[in-house]
Amino acid sequence: MPTRRSADSTEGEQLFETAVEQFDAAADLIGLSDNIRTILRSPKNEIIVNFPAEMDDGSLRVFRGYRVQHSDILGPYKGGLRFTPGVELGEVKALAMWMTWKTSLSNVPFGGAKGGIAFNPREHSVREIERIVRRFTHALGSNIGPEHDIPAPDIGSNAQAMVWMMDTYLNSGSGGDRQNTRRVVTGKTIETGGSLGRDKATGQGLAFVLAHQFDRVNRELEGSTVAIQGFGNVGEHCARAMAQMGVTMTHVADHTGAIMNGRGIDAEALWRHTSEAGGVAGFDDAEALDVDEFFTADVDILVPAAIENQITTERAPHVRASVIVEGANGPTSVEGERILIDRGVEILPDVLANAGGVIVSYFEWLQNKMSARWQLGQVDDELRRYLWEAADAIEAEKKRLACSRREAAYAVALARIGTVFNQRGIWP
Ligand code: NAD
């Protein structure tokens, strides 16, 4: 049964209600048992920590951090940490639930989790961020662990933050196996145990999923145009990977504004600009445009790779792209998706399209466990294989159930989880 939204619920709670609504629809489709549904509707653990950190002027501030562990039925909890001022419990619960479906769909032996710290890293010095991240790691204590819960970067956090987390965790432990705990986080720098190809994995994965979809329908990818919202980790690497496949990026938007150039925007030049200016606004080789105009851009492909709830009832009727590749988590509202599907727009849903990050995080975790180092070619080849297998499983299920691609993705993920619940039993 779809949940009813209360008018006064926060945006985060509404996002969680959306996640539960999507889950219920897919559970209905595959006839998931009531007991398993009851368990999966709520996260297993919701951890909130309030912790102090010292500012550069010597004062102390208390920050609030979250870690929601949704399910570990398939393996250790896994999911990113976002550093945004507005992060709240409902949002993190939704994202943790989506991680459970994503890891299952991707066939990696992990469960689902998500977390964050409510602060804006742009307003702090590097040293302050370091102290905040280390105190958060300390506050989480044994709630994370290399075989228990493995964080990774997400909005606002990065490889350096993961290295501080790893170092804090490692130094808080005792005994001779401390070095064996480096895989407590993924998305680390290469030098400290990260995997080649992890920084670009999500963006690269979007491009692999898109190329597979075009192949399936015998459509030529080379010569297509793309509009990308978000030019952070996901957006930037997606732009680079798609450029290698002959796709021209004509529109880009982020928190500072939107830009366009019909002849194409060079990803490297834009990256240099955003690194200095903090956003796409003011980029020389493009003209500024309104964010709503961005969503109606006359392009073949639209990649929302920033934040949730961007393609809504208001914007969906005006989208001109014929394919949407969801880089962000939850960028399309439930109603927005219905409008797009009715209009014949193909949606490659987040649980598939942006799974590259968690898949290569799994490769990093494996390499750490084996003290091994994979070549970049091996990482990319394996990533492509995992994603295409997931995409093929979805297409088969979509046909069998005559449903949307997102519902089919959930159906594949839930069926695997349901099988494991049934075999393990629910104890006691
Ligand atoms: P990031 O912090 O590197 O970049 C975020 C981008 O979004 C920036 O360009 C920022 O300007 C833009 N943005 C922020 N607020 C915005 C707003 N209000 N309007 C328009 N643009 C805005 O983050 P990221 O790692 O690239 O993550 C982007 C999305 O992809 C998130 O939804 C995240 O959950 C999802 N995701 C990330 C990964 C990963 O490996 N990093 C994996 C899977 C999914």
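Owing to the predicted nature of the structure, the values given are computational and were not obtained by experimental measurement.

Draft legend 1. The arrangement of unusual backbone geometry in detail. The omega torsion across Trp427 and Pro428 is 5 degrees, close enough to zero to call that bond cis. Relative to the elements of secondary structure, Pro428 occurs in the segment after α14 (405–424). Even without glycine at this site, Asn309 takes up a positive phi of about 55 degrees. By the element assignment, Asn309 lies in the loop between β10 (301–304) and β11 (323–325). In the Ramachandran plot, Ser371 falls in the positive-phi region, its phi being about 50 degrees despite a non-glycine side chain. Tracing the sequence through the fold places Ser371 in the loop between α12 (356–370) and α13 (376–401).

Draft legend 2. Structural detail: the side chain of Arg198. Along the polypeptide, Arg198 turns up in the loop between α5 (159–172) and α6 (201–216). We note that Arg198 is buried and unpaired, the nearest opposite charge coming from Glu364 at a distance of 4.8 Å. In this structure the side chain of Arg198 is engaged in a polar contact, spanning 3.4 Å, whose partner is the backbone oxygen of Gly357. Apart from residues no more than four positions distant in its own chain, Arg198 is found in contact with Ala152, Pro153, Gly187, Gly357, Val360, Ser361 and Glu364.

Draft legend 3. Quick look at the sheet that holds strand β9 (residues 287–289). What the seven strands build is an open sheet, ordered β9-β8-β7-β6-β10-β11-β12; its pairing is mixed. With one partner strand each, in any of the chains shown, β9 and β12 (346–348) form the two edges of the open sheet. On average, adjacent strands in this sheet sit at an angle of 20 degrees to one another, irrespective of strand direction. Bridge count for strand β6 (residues 225–229) against β10 is four bridges, and the pairing is parallel. The partner of Gln229 across the bridge, within β10, is Pro304. Contacting β6, β7 (248–254) and β10, helix α7 (residues 233–244) crosses the sheet at an angle of about 170 degrees to β6.

Draft legend 4. Quick peek at the site of the ligand. Close contacts around the ligand come from 21 residues, with Asp154, Thr202, Phe231, Asn233 and His255 the closest. Within the side chain of Thr202, a nitrogen or oxygen atom sits 2.8 Å from an oxygen atom of the ligand. Within the backbone of Val234, an N or O atom sits 2.9 Å from an oxygen atom of the ligand. In isolation the ligand exposes 820 Å². Once the protein is present, 83% of that is buried. A breakdown of the residues in the shell around the ligand according to their chemical character gives seven nonpolar, 10 polar and four charged.

Criteria and thresholds
Residues numbered from 1 in each chain as written. Predicted model: local features only at pLDDT ≥ 70, side-chain atom pairs only at ≥ 80, totals over all residues. Heavy atoms only, no water. Helix = DSSP H or I, 4+ residues; strand = E, 2+ residues; numbered from the N terminus. Buried < 20%, exposed > 50% of the residue type's maximum accessible area, 1.4 Å probe, protein only. Lys, Arg positive; Asp, Glu negative; His and termini not counted. Salt bridge = Lys/Arg side-chain N within 4 Å of Asp/Glu carboxyl O. Polar contact = N/O pair within 3.5 Å; in protein donor to acceptor, adjacent residues only side chain to side chain. Contact = heavy atoms within 4.5 Å. Pairing = 2+ DSSP bridges. Axes fitted to C-alpha atoms, helices over the stretch in contact; angles between N-to-C directions. Near = heavy atom within 4 Å. Areas by Shrake-Rupley, 256 points an atom, 1.4 Å probe, with all protein chains shown as cover. Nonpolar A, V, L, I, M, F, W, Y, C, P; charged D, E, K, R; others polar.

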